[in-house]
Amino acid sequence: MPIRQMKENSEQHFVIKPQLQNTMNSAQKNPKSAQNGKGPPNQESQNAKAQNQSSPPSRNRGRRRGRGGRKSDQADAFMRPSSRPCTAADKPVIRETSQAIVPALSNGSVGNGGSLCESEMGFPSSSKSLTFPARPGFGQLGTKCIVKANHFFAELPDKDLNQYDVTITPEVSSRAVNRAIMAELVKMYKESDLGMRLPAYDGRKSLYTAGELPFAWKEFTIKLIDEEDNVNGPKRVREYKVVIKFVARANLHHLGQFLAGKRADGPKEALQILDIVLRELSMKRFCPVGRSFFSPDIRRPQRLGDGLEAWCGFYQSIRPTQMGLSLNIDMASAAFIEALPVIEFVAQLLGKDVLSRPLSDSDRIKVKKALRGVKVEVTHRGDVRRKYRVSGITTQPTRELVFPVDDNSMKSVVEYFQEMYGFTIQYTHLPCLQVGNQKKANYLPMEACKIVEGQRYTKRLSEKQITALLKVTCQRPRDRENDILQTVQHNAYEQDPYAKEFGIRISEKLASVEARVLPAPWLKYHETGKEKDCLPQVGQWNMMNKKMINGMTVSRWACINFSRSVQDSVARGFCNELAQMCQVSGMEFNPEPVIPIYVARPDQVEKALKHVYHACMNKLKGKELELLLAILPDNNGSLYGDLKRICETDLGLISQCCLTKHVFKINKQYLANVSLKINVKMGGRNTVLLDAISCRIPLVSDIPTIIFGADVTHPENGEESSPSIAAVVASQDWPEVTKYAGLVCAQAHRQELIQDLYKTWHDPVRGTVSGGMIRDLLVSFRKATGQKPQRIIFYRDGVSEGQFYQVLLFELDAIRKACASLEPNYQPPVTFIVVQKRHHTRLFANNHRDKSSTDKSGNILPGTVVDSKICHPTEFDFYLCSHAGIQGTSRPAHYHVLWDENNFTADGIQSLTNNLCYTYARCTRSVSVVPPAYYAHLAAFRARFYMEPDGQDGNCAGGQGGSKGTRVAGESGVRPLPALKENVKRVMFYC
């Protein structure tokens, strides 16, 4: 298990250093930058001020020193020359890679006035001794404004909260039955044995009360009537023994101190109790799904097609914030199975009449997949509606089904239902539902069953269903805000008997929060364009009059047309238009392909790709084909994924796919965006931050800095065996921090910790060999820039709050080991930041009528940052809405700094993160998530296409060493991914 692995790993490579206040960056000088008349203002003084506005660094954060040391044999090529700080004077505006290498400094200085320190900093080896960095002060940069947040102040109760253990005998697995038992117990004994207490119950083992019960231990006998049993006879009564035993008292004083910022650790038990109390009434009223509640009564359900419908609901969670306890309420939507007669559901699912003809084998498999696990109720027994869970459907039609009555005789299903219930089965050509387990499966005719209401659909939605669901969920900010307020009023927390019992009061007003709108950064384009630099307006700009700062050359390209509806002349015209757009944008693009456009069928993708590849190689006499264009049908099934897998892991081709609808309707904006993608796939840069090439980004420009992004994508619900895919990208240029190389790995199903950040294996010749994604990307950075990274900034996507400690301990340890494997004492300071998008905090303009405070979609302005009131009471986190809204309500990204040896100020990390959001390569808009995290997500998503039955060895696509990792397929049970070709993994192939 991951935790055990962490303990084993933590025995080695952890370096212990005392906490040191960072004095290194205060000595940094801001170089001068030449300005043209219309260019951006000089920002040196502003940046210097930003670095010093926050309060002094917290005592639990320090700097890691000791970057010198003798060379190791393994890392000789990596560590030989040292690096020096960037200055505007010696840094060209446009370059591919820096060749500037200077000898190592003999006195151990790091090149910017700081000196190495031999003492080492303490990093805890378990979560018990780990505390996250305290907030280093509040940000000051930007234009101040007020926004509203969907957080509602919750007054802390002044009553004791008590926890009791509940044991129900015989044991019940269903929470619904558990709740029914406890509801009956409260109904019978509230006024007597429970001393008038109204307890809250979690549905499993815990019961909570405000104040003590009159006993410390008591046993109750509860009888429940089975309403679904027996048609005519007496109802069956089930008897349960319930033992309630006192466990503990929650410490509300501790919670109060935590909310006031006087304690670093929050009492999770007290927060959990309050959360359960406020959910208790909604559990009875609505259909609970996770932390959300749904009902067809909140808003009329909308049909999604194929027997599904969208239910509206709300999300609810109690959160500790700087303003105290906060109830986070947001609107939610989910797909539910429509409560239809089963035959009607099957007809919708298959899209045809099923009453007159039998199902084909493919239809039967589709129905079986859709209905497996679904709860149905019988309709042939009058008022008795017994419920069953479907385990499958029969291979034979109903008319052929028989079962043994006794040892000597058989009876057909048709006869049984006629004799037993007087029910005539009409559609005997249809299969029966199988209910119960495999050993004792019962048959139910489809026409005698109806789907039970309130079942969430957890399998994969079709594109059509996703589009329909998005229409339901997409709400303009003002509408969403009104719906949230109506939900709070409808829930009537002031009348909630459980909230009253526990003394919790909920405000009905949205929280007003102080925010700041950070300025957009100036962007640098090529000197030969009419506009050499650009200041984005409201998160957007365009490529008119601009040329890519590093436009690449495409001399050798080919095109395959997989779309039957696109004629050869249309395909040629599209390719010409695209080539011209690439040229206008600053690339050199040969207008003629190596061979004429090749037409192929979608089901022959591998044959077509290899034919074109070899035909081009023969014509080019061994020179590499640089780019493959592919025209795909709009609905292309697995074609896109197959093409990418073959190109990137087999042939080593960079490809760009275009859909038929875009080929027919040639749009300049579309072509401009495609040209941006092609340029970065070829290894170019579209734009860079002007502050980056002028060396004015605090804690990035002073010393060589590498920025990582990491993400893990998990298989969809219902896929129980597919592996999770981890991806890590890292910047490959400095000081520009614009190009990112990426590596991907398959790992165990639903494993969140990235296993292959660092790994070792035994080589018969070389002995123990080190590798892994972090190490490979550090080496790659050195090769690309000629300099070793002296600072690491690590943006980690996709981690929930409950996994913070685990992920930090495991992955920071892997980063340490990867660095140490390259050179003894090589430990660049690390800042580890978690990026979260799957949260429910929404920010709204204080006045929706004030157009100056919103973008065109009615959302808050891009660059809006919040680090007070609704943020963590003590830790270093902030919400940043870095993008302009298009439709619906913008979701700000939540950034949480879990480790910081670089001593970032609030302004420093907030402005860096916001500015990076303007460097996303695929469009001329700022994006909602910092690009390295975004790229990691794209790379992980792309790697899912690489999985195939006959995958090659090497569980890390792109990693050095191929299949020589510590985890081969046989050991972990995870089929490894085929390795990326060398020329692919060096560029941004995932764009």
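Residues numbered from 1 in each chain as written. Predicted model: local features only at pLDDT ≥ 70, side-chain atom pairs only at ≥ 80, totals over all residues. Heavy atoms only, no water.

**Quick notes on the confidence of the model for the protein chain**
In low-pLDDT segments, the atomic positions of the prediction should not be examined closely.
Phase 1: Looking at the protein chain as a whole, the pLDDT averages 85, with 83% of positions reaching at least 70.
Phase 2: Overall, residues 1–77 carries pLDDT values under 50, and its contacts beyond four positions in sequence, including any with other chains, amount to 208 contacts.
Phase 3: A low-confidence stretch, residues 949–954 stays under pLDDT 50, and its non-local contacts, those more than four residues away or across chains, total 15 contacts. (pLDDT = per-residue confidence, 0-100. Contact = heavy atoms within 4.5 Å.)

**Focus on the packing of helix H13 (residues 568–584) against helix H17 (residues 668–681)**
Phase 1: Where H13 contacts H17, the axes come no closer than 9 Å and their chain directions differ by 65 degrees. Relative to H17, H13 is oriented roughly perpendicular. You can see that H13 and H17 cross each other, and the crossing is right-handed. Contacts from Phe574, Glu577, Leu578, Met581 and Cys582 of H13 reach H17 at Lys668, Tyr670, Leu671, Ala672, Val674, Ser675 and Ile678.
Phase 2: For the contact of H13 with H17, a count of residues per class yields nine nonpolar, one polar and two charged. (Axes fitted to C-alpha atoms, helices over the stretch in contact; angles between N-to-C directions. Helix = DSSP H or I, 4+ residues; strand = E, 2+ residues; numbered from the N terminus. Parallel < 35°, antiparallel > 145°, perpendicular 65-115°, else oblique. Left-handed = near helix turned anticlockwise from the far one by under 90°. Nonpolar A, V, L, I, M, F, W, Y, C, P; charged D, E, K, R; others polar.)

**Notes on unusual backbone geometry**
Trans is the common state for peptide bonds, and a negative phi is the common state for residues other than glycine.
Phase 1: In this model, Thr169 is joined to Pro170 through a cis peptide bond whose omega is 0 degrees.
Phase 2: Positionally, Pro170 belongs in the loop between strand S3 (161–169) and helix H4 (175–189).
Phase 3: Cis geometry marks the peptide bond from Trp734 to Pro735; its omega dihedral reads 15 degrees.
Phase 4: A positive phi angle, near 65 degrees, is found at Arg750, a position not held by glycine.
Phase 5: Residue position: Arg750 is located in the loop between strand S33 (740–747) and strand S34 (759–763).
Phase 6: For Arg750, a relative accessible area of 41% corresponds to the partly exposed category. (Buried < 20%, exposed > 50% of the residue type's maximum accessible area, 1.4 Å probe, protein only.)

**A short note on helix H14 (residues 605–620)**
Phase 1: If you check H14, its first and last C-alpha atoms are 22 Å apart, about what 16 residues at 1.5 Å a residue would give, namely 22 Å.
Phase 2: Burial in H14 covers these residues: Val605, Ala608, Leu609, Val612, Tyr613, Cys616, Met617 and Leu620. Projected onto a plane normal to the axis of H14, the buried residues spread over an arc of 155 degrees and lie on a single side. Relative to its buried face, H14 has exposed residues pointing more than 90 degrees away, namely Lys607 and Asn618.
Phase 3: Downstream of H14 by a residue or two, Lys621 has a phi angle that is positive, lying close to 55 degrees. (Expected span 1.5 Å × (residues − 1). Arc of directions from axis to C-beta.)

**What about the environment of Leu639?**
Phase 1: The topology assignment puts Leu639 in helix H15 (residues 639–651).
Phase 2: Overall, the relative accessible area of 3% leaves Leu639 in the buried class.
Phase 3: Leu639 sits 33 residues away from Glu606 along the chain, and the two C-alpha atoms are 9.8 Å apart.
Phase 4: Contact partners of Leu639, with chain neighbours within four places excluded, come to Phe562, Pro602, Val605, Leu632 and Pro633.

**Structural notes on the side chain of Glu501**
Phase 1: The topology assignment puts Glu501 in helix H12 (residues 497–502).
Phase 2: Despite its burial, Glu501 remains without a salt bridge, the nearest opposite charge being carried by Arg197 at 4.5 Å.
Phase 3: Residues within four places of Glu501 in sequence aside, it is in contact with Lys159, Met196, Arg197, Leu198 and Ala210. (Lys, Arg positive; Asp, Glu negative; His and termini not counted. Salt bridge = Lys/Arg side-chain N within 4 Å of Asp/Glu carboxyl O.)

**Points about the environment of Cys923**
Phase 1: Within the secondary structure, Cys923 sits in the loop between helix H21 (906–916) and helix H22 (931–943).
Phase 2: As a C-alpha pair, Cys923 and Ser675 span 248 residues in sequence and 9.8 Å in three-dimensional space.
Phase 3: Once you skip the residues sitting within four places of it in the chain, Cys923 turns out to touch Trp541, Asn673 and Leu676.

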